[in-house]
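Understanding the architecture of this molecule
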Amino acid sequence: GKTDTTYGVSGVYTINPSAADDLLYDLRIDAGGRALIAANAGGILNAPRVYRVTTAGVTDGTFSASVTGLEQFIVLPQTDGKTLLIGQDSTAAALNRVVLMRLNTNGAIDGTFTAGGKKTLTTSLGVSVIQRAVRATDGTLFISGLQPANASNVTQPFITAITPALGVDFAF
């Protein structure tokens, strides 16, 4: 229960990617025990960042991720060391689109995942925030989050299923 003072600086890792307010979306631990951080720099949308932090609590210099076209996103580490990013499409007119992107172990976009390394899926529901994703043993990806606020300013939760072939499972 005590702070591990050998991690980072006196037990704390911090990063400040911009001079403005930064947003943290997700934090996961990968297969190598390193932290993966999904963030948005500058408090503005459309400046997504992914950081990997070593087990010693320093930014991993062997990992450099340059991602665009998604916001309000989460990271899903895979057992092969690659990382799946799941988020909302960053274009204003794309309220019902989910973006899937996969990074190689060094943070580069994985072009073998799909053409261009990114897949945009149109869902039957609006997508405001992606909160969680889990992969079933058959490869189906279940994504949960919140829909945009309705006319009464109420948000509704949603769950959608993505098939192993990267299509929305509308039968779910």
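Residues numbered from 1 in each chain as written. Predicted model: local features only at pLDDT ≥ 70, side-chain atom pairs only at ≥ 80, totals over all residues. Heavy atoms only, no water.

1. Some details on the overall build of the chain
Along its length, the chain carries zero helices and ten strands. What you see in the chain, going N to C, is helices and strands ordered as β-β-β-β-β-β-β-β-β-β. For 172 residues, the compact-globule formula gives about 16 Å, and the C-alpha radius of gyration of the chain, at 17 Å, lands near that figure. The C-alpha extent of the chain, read off along each of the three principal axes, is 50 × 35 × 35 Å. Counting only residues that meet the buried cut, the chain has 43% of its 172 residues in that class. If you take every contact in the chain between residues at least 6 apart in sequence, the share linking residues at least 24 apart comes to 38%. Surface accessibility of the chain: about 8900 Å² in total, with carbon and sulfur atoms responsible for 54%. (Helix = DSSP H or I, 4+ residues; strand = E, 2+ residues; numbered from the N terminus. Rg over C-alpha atoms; globule rule 2.2 N^0.38 Å. Buried < 20%, exposed > 50% of the residue type's maximum accessible area, 1.4 Å probe, protein only. Contact = heavy atoms within 4.5 Å. Areas by Shrake-Rupley, 256 points an atom, 1.4 Å probe, with all protein chains shown as cover.)

2. What about the packing of aromatic side chains?
Evaluated as defined, the whole model comprises two aromatic pairs. An angle of 65 degrees between the planes, with centres 5.6 Å apart, marks the rings of Y25 and F73 as edge-to-face. One end of the pair, Y25, is in strand β1 (residues 23–29); the other, F73, is in strand β4 (residues 70–77), and 48 residues separate them in sequence. Note on accessibility: Y25 and F73 belong to one class, buried. (Phe/Tyr/Trp six-rings, centres within 6.5 Å; stacked < 30°, edge-to-face > 60°.)

3. Points about the pattern of salt bridges
This model, assessed by the stated rule, comprises five salt bridges. A salt bridge links K82 to D110; the shortest N-O distance between them is 3.0 Å. Here D110 lies in the loop between β6 (97–103) and β7 (118–122) and K82 lies in the loop between β4 and β5 (83–89), a separation of 28 residues in the sequence. Here D110 falls in the buried class, since its relative accessible area comes to 2%. Counted as one network, the salt bridges with shared partners bring together K82, R102 and D110. (Salt bridge = Lys/Arg side-chain N within 4 Å of Asp/Glu carboxyl O.)

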